[in-house]
Amino acid sequence: SYEYGTMNQMDIDMFLNKLKQEGITDIKTSQTNENDGILTTKIKLINEDISIDISDKGTHIHCGEGKQNLRIKIRDALLSCLNKF
Amino acid sequence: LAMKDGKLILMDLPEVWKEFNGINRHVIKFSSLIKLETASTNFQIVEEIHSLIKDRLSAWEVKIVDGQSIIIESVVVKLNEENADKNLCVSWESQDEDLGRYILGLLQTIS
């Protein structure tokens with residue numbers, strides 16, 4: 001399946017709440033304008049060596065070594081905030 | 001197949017949605033790192049990984065790009081070097097989850 005649509009602030013808040021429900025609480029968020037001028041929300045899981053970049057273009061989940069179970073949890077939380085076709 | 005400007009054309013699903021509904025795909029991409037401990041040269045590492053993946057996924061097109069990346073569908077295996085440390089960054093888009101996870105698991109066994 002393909003995900004579509006954008007993550008607005010309300011969707012991002014819902015995503016962060018879902019992460020907290022999964023026991024992921026060491027979360028730091030910030031917003032930046034990337035080189036191409038696209039507003040990106042950066043989410044860092046401080047103790048987990050994982051960062052998540054969300055923009056209108058999409059979401060990029062960067063994982064360190066051996067964090068696959070956590071990656072799947074983050075992916076499922078994100079998918080529940082997006083539409084699919 | 002889709003009808004556009006009176007012609008039948010072949011489009012993939014995300015293109016059809018964008019063209020006819022004005023809805024853009026939200027691309028979900030994953031990247032995972034694998035540290036390498038090896039005395040091999042970059043050329044040897046890329047060749048070895050390319051052979052391994054081609055051997056296991058014989059029905060797939062496995063390409064080497066720029067001498068440091070291997071591409072299979074949306075899965076990209078990129079060799080990085082920082083100081084003397086080498087690592088592989090394995091990334092893929094969510095529609096290739098099974099393929100990406102398989103290649104990541106395969107490369108973790110050789111690191």
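Residues numbered from 1 in each chain as written. Chains lettered and ligands numbered in written order. Predicted model: local features only at pLDDT ≥ 70, side-chain atom pairs only at ≥ 80, totals over all residues. Heavy atoms only, no water.

1. Some remarks on the nonpolar core
Logical step 1: Ranked by internal contacts, the top residues of the largest apolar core, which has 44 residues, are Phe15(A), Ile52(A), Ile74(A), Ile53(B), Val77(B), Ile103(B) and Leu107(B).
Logical step 2: Apart from the residues lying within four places of it in its own chain, the contact partners of Ile74(A) are Phe15(A), Leu19(A), Ile24(A), Leu45(A), Ile50(A), Ile52(A) and Ile61(A). (Core = buried A, V, L, I, M, F, W, Y, C linked by side-chain atoms within 4.5 Å. Buried < 20%, exposed > 50% of the residue type's maximum accessible area, 1.4 Å probe, protein only. Contact = heavy atoms within 4.5 Å.)

2. A few points about the interface of chain A and chain B
Logical step 1: Tallying the contact residues gives 26 residues for chain A and 22 residues for chain B.
Logical step 2: Note that Arg75(A) and Glu97(B) form a salt bridge whose closest N and O atoms lie 3.8 Å from each other.
Logical step 3: Connecting chain A to chain B are 15 residue pairs in polar contact (both at pLDDT 80 or more).
Logical step 4: Listing elements by their share of the side of chain A that touches chain B, those giving two or more residues are strand 1 (3-4), strand 5 (58-63) and helix 2 (68-79) of chain A.
Logical step 5: Classifying every residue of the side of chain A that touches chain B by side-chain character gives ten nonpolar, ten polar and six charged.
Logical step 6: Two strands pair when backbone bridges link them, and strand 5 of chain A and strand 3 (residues 27-36) of chain B are joined in this way by six bridges, in the parallel orientation. Paired with Gly58(A) across the bridge in strand 3 of chain B is Val27(B). (Salt bridge = Lys/Arg side-chain N within 4 Å of Asp/Glu carboxyl O. Polar contact = N/O pair within 3.5 Å; in protein donor to acceptor, adjacent residues only side chain to side chain. Helix = DSSP H or I, 4+ residues; strand = E, 2+ residues; numbered from the N terminus. Nonpolar A, V, L, I, M, F, W, Y, C, P; charged D, E, K, R; others polar. Pairing = 2+ DSSP bridges.)

3. Some words on the packing of helix 1 (residues 9-21) of chain A against helix 2 of chain A
Residue and element names in this part refer to chain A.
Logical step 1: Look at helix 1 against helix 2: their axes get within 9 Å of each other, and the N-to-C directions meet at 140°. Put simply, helix 1 runs oblique to helix 2. Once helix 1 is placed against helix 2, the crossing between them reads as right-handed. The residues of helix 2 that touch helix 1, namely those facing Phe 15, Lys 18 and Leu 19, are Ile 74, Ala 77 and Leu 78.
Logical step 2: When its residues are assigned to classes, the contact of helix 1 with helix 2 shows five nonpolar, no polar and one charged. (Axes fitted to C-alpha atoms, helices over the stretch in contact; angles between N-to-C directions. Parallel < 35°, antiparallel > 145°, perpendicular 65-115°, else oblique. Left-handed = near helix turned anticlockwise from the far one by under 90°.)

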